[in-house]
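If you want the building blocks of each chain, they are given just below.
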Amino acid sequence: MLLEDQHPHNKAIMISVLGKPNVGKSSFINNLLGFDLTIVSSKPQTTRNHFHCAFTIDRTEIVLVDTPGVHSSAQELNKRINGQAIMGSEGVDINFVLCDLTTDVVAEFRDFLKNFDSQLGKTWIIFTKADLVDLEKINQAFLTEKLKELCPSIEKSFVVSSLDGHNIHLLLADIEKVAVNAPHLYPGGEVSNKNERFFATEYIREQAFRLLKEELPYEIAVVIDEYKDMRGRGEDTKVEAHISASILVNRPSQRAIVVGRGGSIIKEIGINARKKIEAMIGGQVHLNLHVKVSPKWFNNNWVLDEIGLPRTQNSHRVWRKK
Ligand SMILES: Nc1nc2c(ncn2[C@@H]2O[C@H](COP(=O)(O)OP(=O)(O)O)[C@@H](O)[C@H]2O)c(=O)[nH]1
Ligand SMILES: [Mg+2]
């Protein structure tokens, strides 16, 4: 029997979405997907892991790999985050390197290459945030040539906006043209290689990024203590998932800030995150949040493994304790 995902006309393509922090990688992916899967914030370095975001157009499956922004840092956590970006670019058909048009594109690209620490294969440049600049003043051909001098594997470029969808249709048409005959990786309507549990922690972290100021969001991590999927259990309940999660902070003083006066901040994080998790799983969710002090969690292998940041080759040894 011929399965749908093995149809001979099926095509597929895998594309990594790379760039410096805050250039709009996650927003770009959500625009192409048509819904808010991956988290976005106005603060840099929100995304910490690489993962697949898949969708299909006719018989073509497009898998975009979201990655953390690449930047220099000697910290263990950031080394692992940069490692995620490099892993996200391995084995893909094309790299999309996103460049924010509101910045000095050439200087930022040079800086990106310096920290990327790996050879880029076939690459398309995606100039983002077109809605924020005067397009008549942007010389796309000139900029592309300048970037090509730094990275000869660049084939072409696009100017897009994830806010108003400018030129996204042209880009999609070109992606479809280069996709090759292949079976689909996500035939059953799944959208990612990460599960709902992972996205639940991301949506909690997204709200923390939104509500907490300055450096604090970078000093938190979210781990799931319990995830009880009630679907298909035959129990008489409207609730489809019971989730208990901990927000880890580095210092006791940060705990007070995340909890907020009378629990106001943690409550708001919980309400907003729950709504997004409910939209994802399509049903009611019970979400229990705790704030725990876990000194230097960003140097703790147990936590780093738990949040999906495995050791990179140049990681140093750290004590495994919770
Ligand atoms: N006006 C405008 N803002 C954008 C666009 N793309 C991203 N942003 C904003 O830029 C910030 C960073 O976006 P994000 O997708 O999280 O960037 P990432 O760190 O590269 O994943 C957020 O505040 C977004 O709302 C765009 O096309 N137009
Ligand atoms: Mg991101």
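Residues numbered from 1 in each chain as written. Chains lettered and ligands numbered in written order. Predicted model: local features only at pLDDT ≥ 70, side-chain atom pairs only at ≥ 80, totals over all residues. Heavy atoms only, no water.

Caption draft 1: Region of interest: the packing of helix α7 (residues 252-259) against helix α8 (residues 264-281). As a packed pair, α7 and α8 sit with axes 4 Å apart at the nearest point and diverge in direction by 60°. As judged from the angle between their axes, α7 and α8 are oblique. Mapping the contact onto sequence places I257, V258 and V259 in α7 and S264, I265, I266 and I269 in α8. Class assignment of the residues belonging to the contact of α7 with α8 gives a composition of six nonpolar, one polar and no charged. (Axes fitted to C-alpha atoms, helices over the stretch in contact; angles between N-to-C directions. Helix = DSSP H or I, 4+ residues; strand = E, 2+ residues; numbered from the N terminus. Parallel < 35°, antiparallel > 145°, perpendicular 65-115°, else oblique. Contact = heavy atoms within 4.5 Å. Nonpolar A, V, L, I, M, F, W, Y, C, P; charged D, E, K, R; others polar.)

Caption draft 2: Broad picture of the packing of aromatic side chains. For the coordinates displayed, the defined rule picks out eleven aromatic pairs. Between the aromatic rings of F199 and Y203, the centroid separation amounts to 6.2 Å while the plane-to-plane angle is 35°, which identifies the pairing as tilted. Of this pair, F199 and Y203 both sit in helix α6 (residues 196-211), four residues apart, which is roughly one turn of the helix. We note that F199, like Y203, is buried. Among the aromatic residues, those joined into a cluster by ring pairs are F28, F96, W124 and F158. (Phe/Tyr/Trp six-rings, centres within 6.5 Å; stacked < 30°, edge-to-face > 60°. Buried < 20%, exposed > 50% of the residue type's maximum accessible area, 1.4 Å probe, protein only.)

Caption draft 3: Fine view of the coordination of the magnesium ion (ligand 2). Protein coordination at the magnesium ion (ligand 2): the donors are S26 (OG) and T47 (OG1), at 2.1 to 2.2 Å from the metal. Residue S26 is found in helix α1 (residues 25-33), and its partner T47 is found in the loop between α1 and β2 (51-57); the two are separated by 21 residues along the sequence. By relative accessible area, T47 is classed as buried at 8%. (Donors = N, O, S within 2.8 Å, 3.2 Å for Na, K, Ca; no water.)

Caption draft 4: Geometry of the site of ligand 1. For ligand 1, the set of nearby residues contains 15 residues, the closest of which are G24, K25, S27, D131 and S162. Here an oxygen atom of ligand 1 sits 3.1 Å away from a polar atom, N or O, in the side chain of K129. A distance of 3.5 Å separates an oxygen atom of ligand 1 from a polar backbone atom of L163. Here the residues of the shell around ligand 1 sort into four nonpolar, eight polar and three charged. (Near = heavy atom within 4 Å. Polar contact = N/O pair within 3.5 Å; in protein donor to acceptor, adjacent residues only side chain to side chain.)

Caption draft 5: Looking closely at helix α4 (residues 140-150). Residues L143, T144 and L147 constitute the buried set of α4. Around the axis of α4, the buried residues are gathered within 100° of arc, so they sit on the same side. Turned more than 90 degrees away from the buried face of α4 sit A141 and E149, all of them exposed. Buried-residue contacts for α4 involve β4 (94-100), α3 (105-116), β5 (123-128) and β6 (154-159). (Arc of directions from axis to C-beta.)

Caption draft 6: Expanded view of the pairing of strand β9 (residues 239-249). Of all eleven residues making up β9, nine are buried, and the element is well covered by its neighbours. Where strand β8 (residues 221-229) meets β9, eight bridges bridge the pair, whose relative direction is antiparallel. Within β9, the residue paired with V223 across the bridge is S246. Across ten bridges, β9 lies against strand β10 (residues 284-293) in parallel orientation. (Pairing = 2+ DSSP bridges.)

Caption draft 7: Examining the domain arrangement of the protein chain more closely. In terms of domains, the protein chain is made up of domain 1 (4-181) and domain 2 (196-306). In this assembly, domain 1 packs against domain 2 so that about 1,600 Å² is buried in total across both faces, 55% of it on carbon and sulfur atoms. Area buried by domain 1 at its contact with domain 2 is led by I39, K43 and R48, which between them contribute 37% of it. At the junction of domain 1 with domain 2, the criterion picks out one salt bridge. Among the ionic pairs, D305 bridges to R80, the shortest N-O distance being 3.9 Å. The tally of links between domain 1 and domain 2 comes to eight residue pairs in polar contact (both at pLDDT 80 or more). The element best represented in the side of domain 1 that touches domain 2 is helix α2 (residues 76-88), accounting for three residues. (Domains from an automatic or database assignment. Buried area = accessible area lost by both parts, 1.4 Å probe. Salt bridge = Lys/Arg side-chain N within 4 Å of Asp/Glu carboxyl O.)

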